[in-house]
Amino acid sequence: MNSHYFCIAGHVVELRFTESSVNSMGLLPSFAPFACEQPSCAPLFTLTVDDDLRPVPGRKLIRKFDTGNGDTIVHRLPDGGYQYIIKDIYNRECALLVCNNQFKECTCALNGDWTMRSFGLNDAIMLVFAFAGAYHNTLLIHASCVLYQGHAYPFTAKSGTGKSTHTSLWLKHIEGAELLNDDNPVIRIVDGQPVVYGSPWSGKTPCYRNRWASLGALTQIERASTNYTERLPVVQAFAVLLPACSSMKWDEELYDRLCNIITVIIQTTPLYTMHCLPDQEAAEVCHQTIAL
């Protein structure tokens, strides 16, 4: 069995591959910048890729949810763990994932051609990282994030609203701005303060940067006929941030941990809504308001 180690947001994760002619690190090109040596401490989680894995008997269907890239079917297992069937946008079953109750030990079986296997494995690792991370003050957020003068500025939005468009306006018009991640940066609470990290998951934009910066501000993007910012009160800020985070509301312990992380972020970081057009002025108005 081949083991590989990666450092993502300061957490080491271990991937193992049973002997196979179709499964290898070649399925995960975006992980190369995060490769590291075997640690002396236990990893955040270990995920073993083994196509001999079969569905677990006695499982109970929890729900099916749409990730935006396809449906994922969730089952609860008799021992308190979870089973997931990960499908792509064509409704093809790409991966079967089985995890113990705190996501420390996981096994994944892949299916189909290279594209299906790569999608299934990436999605499985991202899912495990999001839920295992919640036990260690870490969350995966659906956002596009820029670096500017030593701070990170994630932009969230409903799908299709234009968070990546707004980020691209910063890159074009705000001198010194650069992209950290375009879809799934990681926020981790370190010594009581939120820090933002790049990740191997960046949507359609290939931006896989193993870098980090302190969180400057969080901003929700909303389309409007004029450009203006609005700082959000605490309750509204919580309501805006929660849907942007990967979570399982039906798992009480996991959900409580996620809410605790969000609470720290809100207590230490300003949150805004940027009402805007997709133009240069929008980036300039936003920059003038939120940049430290």
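The preceding data block contains the structure.
Thresholds, definitions, all that
- Residues numbered from 1 in each chain as written.
- Predicted model: local features only at pLDDT ≥ 70, side-chain atom pairs only at ≥ 80, totals over all residues.
- Heavy atoms only, no water.
- Axes fitted to C-alpha atoms, helices over the stretch in contact; angles between N-to-C directions.
- Helix = DSSP H or I, 4+ residues; strand = E, 2+ residues; numbered from the N terminus.
- Parallel < 35°, antiparallel > 145°, perpendicular 65-115°, else oblique.
- Left-handed = near helix turned anticlockwise from the far one by under 90°.
- Contact = heavy atoms within 4.5 Å.
- Nonpolar A, V, L, I, M, F, W, Y, C, P; charged D, E, K, R; others polar.
- Buried < 20%, exposed > 50% of the residue type's maximum accessible area, 1.4 Å probe, protein only.
- Phe/Tyr/Trp six-rings, centres within 6.5 Å; stacked < 30°, edge-to-face > 60°.

A. Representation of the packing of helix α3 (residues 234–241) against helix α4 (residues 252–268) within the structure. In the contact formed by α3 and α4, the axes pass within 10 Å of each other and the chain directions differ by 130°. One finds that α3 runs oblique with respect to α4. Note on packing geometry: the crossing formed by α3 with α4 is right-handed. Each of Val234, Ala237, Phe238 and Leu241 in α3 lies in contact with α4, whose residues at this interface are Cys259, Ile262, Thr263, Ile265 and Ile266. Class assignment for the residues of the contact of α3 with α4 results in 8 nonpolar, 1 polar and no charged.

B. Looking closely at the environment of Leu254. Locating Leu254 in the fold gives a position in helix α4. For Leu254, a relative accessible area of 3% puts it in the buried group. A sequence separation of 65 residues divides Leu254 from Ile189, and the C-alpha atoms of the two residues are 16 Å apart. Apart from the residues lying within four places of it in its own chain, the contact partners of Leu254 are Phe103, Phe131, Ala134, Tyr135 and Met248.

C. Spatial organisation of the packing of aromatic side chains. Following the criterion strictly, the structure yields 9 aromatic pairs and no others. On the basis of an interplanar angle of 85° and a centroid distance of 5.4 Å, the ring pair of Phe6 and Phe31 is categorised as edge-to-face. Of this pair, Phe6 sits in strand β1 (residues 2–8) while Phe31 sits in the loop between β2 (11–17) and β3 (35–36), and the two are 25 residues apart along the sequence. For the ring pair Tyr148 and Trp170, a centre distance of 6.1 Å and an interplane angle of 85° mean the geometry is edge-to-face. Linking Tyr148 in strand β11 (residues 144–148) with Trp170 in helix α2 (residues 163–173), this pair joins segments that are 22 residues apart in sequence. Trp170 carries the same exposure label as Tyr148, and that label is buried. Linked through ring pairs, Phe6, Phe31, Phe129 and Trp201 together constitute an aromatic cluster.

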